[in-house]
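What follows is each chain in one-letter form.
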Amino acid sequence: MSIDADPRECSTGERARGPTGSDALSSPVDVSPGTLVAAGELLRALSAPVRISIVLELRESARCVHELVGALGVTQPLISQHLRVLKTAGVVRGERSGREVLYHLADDHLARIVVDAVAHAQEGRSQ
C-alpha cells in the first residue's frame, strides 16, 4: 500500500468499517511523509515502559525528577535520561522552579495515546 492510499479502501472499493460499524477514522488519511516521520519519532519516544510510566505520572500532575524517582522506583540518572528523550520528542516540557525543574506533558493528546495503548494492552491480556 502506498502512503497516499486510503487504508480504509477495500479491494472492492468499499470503505472498511470499525467494530461499531462507523468509519475507523473521521477523515481520509492524507498526510505528508514528513508528518509520518514525525509521528514515528513520537511513537518511538513513547516505546519504553519507563517513559510510558512517566507520561502516566505526569498525566496526574507536574512532577520534578525526585518525585518521579520515588513514584516509579528507578534511579535518578535513568529518570533523567528518559525525560531527556521525552523532552527532545516534544512529549514533556520542563519549567525551572528554583533549583528544580518541574516536568509536565506538552499536551493532552499524548496522554490519550498512552492511556489508549495501555488500555488496549490490558484488553488483550484479559481475553
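Where an unreviewed UniProt entry is consulted, the protein appears under the name Transcriptional regulator, ArsR family, with the organism given as Rhodococcus rhodochrous J3.

Of the regular secondary structure elements, the protein holds five helices and three strands. Secondary structure elements of the protein occur, N-terminal to C-terminal, as α-α-β-α-α-β-β-α. Buried residues in the protein amount to 25% of all 127 residues. A separation of at least 24 residues holds for 45% of the contacts in the protein among residues at least 6 apart in sequence.

Bringing the side chain of R63 into the picture now. With respect to the secondary-structure elements, R63 resides in strand β1 (residues 63–64). Only 3.0 Å separates the side chain of R63 from the side chain of S61, close enough to count as a polar contact. R63 has contacts with E57, L58, L68, A71, V101, L102 and Y103, leaving out every residue within four places of it along the chain.

In this section: the pattern of salt bridges. Scanning all chains against the criterion turns up two salt bridges. For E60, the salt bridge identified is with R59, shortest N-O distance 3.7 Å. A relative accessible area of 56% means that E60 is categorised as exposed.

Another aspect to go through is the pairing of strand β3 (residues 100–105). Two faces, one strand: in a regular strand the side chains alternate between the faces of the sheet. Alternating positions in β3 separate cleanly, V101, Y103 and L105 being buried on one face and E100, L102 and H104 remaining unburied on the opposite face. Bridge count between β1 and β3: two bridges; the pairing is antiparallel. Its bridge partner being in β3, R63 is matched across the sheet by Y103. In this structure, the hairpin formed by strand β2 (residues 92–97) and β3 is closed by a connection of two residues, where G98 is found at a positive phi of approximately 70°.

For helix α2 (residues 49–60), spanning 12 residues, the distance from its first C-alpha to its last is 17 Å, which sits close to the expected 16 Å at 1.5 Å a residue. For α2, the full list of buried residues reads V50, R51, I54, V55, E57 and L58. Along α2, the residues classed as buried sweep out an arc of 165° about the axis, all on the same side. Facing away from the buried side of α2 by over 90 degrees, the exposed positions are P49 and E60.

Before going further, it helps to examine the sheet that holds β2. With antiparallel pairing, three strands are arranged side by side in an open sheet as β1-β3-β2. If you trace the sheet from one side to the other, it starts and ends with β1 and β2, each paired once.

The rules behind each value
Residues numbered from 1 in each chain as written. Predicted model: local features only at pLDDT ≥ 70, side-chain atom pairs only at ≥ 80, totals over all residues. Heavy atoms only, no water. Helix = DSSP H or I, 4+ residues; strand = E, 2+ residues; numbered from the N terminus. Buried < 20%, exposed > 50% of the residue type's maximum accessible area, 1.4 Å probe, protein only. Contact = heavy atoms within 4.5 Å. Polar contact = N/O pair within 3.5 Å; in protein donor to acceptor, adjacent residues only side chain to side chain. Salt bridge = Lys/Arg side-chain N within 4 Å of Asp/Glu carboxyl O. Pairing = 2+ DSSP bridges. Expected span 1.5 Å × (residues − 1). Arc of directions from axis to C-beta.

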